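As a plain string of letters, each chain reads:
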Amino acid sequence: MKKIFALLLLMHSLLFFSQINVEEIKKNVTENPKKYFYDYLEIFKKDPSKLTHEEMNQLYYGSRFVDTGYSLSDYNKNYDEI
């Protein structure tokens, strides 16, 4: 019985607490990259423990939508072929 309860609790937490709103992150980063990406990046470089979980998600997932001038093919020429 305890195992079933633990499994249900785990599934419940995964469903409700792991949802990341990527559309909102994309909107925030494309409209105001300084506030929602570069400021968080500077904090991360100095002391990552000052960022909240939500800010870390914003930084991690927002990096996909910020134009940094680099692409993966700059680091790995095989990436263009894949």
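In this text the structure is predicted, and so the values were computed from the model without any measurement.

Student: Explain the side chain of asparagine 28 here, please?
Tutor: Its place among the elements puts asparagine 28 in helix H2 (residues 22-31). Residue classification places asparagine 28 among the buried positions, given a relative accessible area of 12%. Every residue in contact with asparagine 28, bar those within four places of it in the chain, is listed here: Pro33, Tyr36 and Gln58.

Student: What's the story with the nonpolar core in this structure? I'm lost.
Tutor: One recurring pattern in soluble globular proteins: nonpolar side chains tend to sit buried together. One finds Ile25, Val29, Phe37, Tyr40, Leu51, Leu59 and Val66 forming the largest nonpolar core, which totals 7 residues. Sequence-distant contacts of valine 66, that is, excluding residues within four places in its chain, are made with Val29, Phe37 and Tyr38.

The rules behind the values
Each residue is numbered by its place in its chain's sequence as written, counting from 1. Predicted model: local features are reported for residues with pLDDT of at least 70 only, side-chain atom pairs are reported and counted for 80 or more only, and whole-chain, interface and lining totals are derived from all residues. Excluding hydrogens and water, the side-chain figures rest on all heavy atoms present in the structure. The helix count covers DSSP runs of H or I at least four residues long, the strand count covers runs of E at least two residues long, and both are numbered beginning at the N terminus. Type-normalised accessible area, obtained with a 1.4 Å probe on protein chains alone, sets the label of each residue: buried when under 20%, exposed when over 50%, and partly exposed for intermediate values. Contacts are assigned to residue pairs with any non-hydrogen atoms lying within 4.5 Å of each other. Side-chain atoms within 4.5 Å are what join buried Ala, Val, Leu, Ile, Met, Phe, Trp, Tyr and Cys residues into a set we call a nonpolar core.

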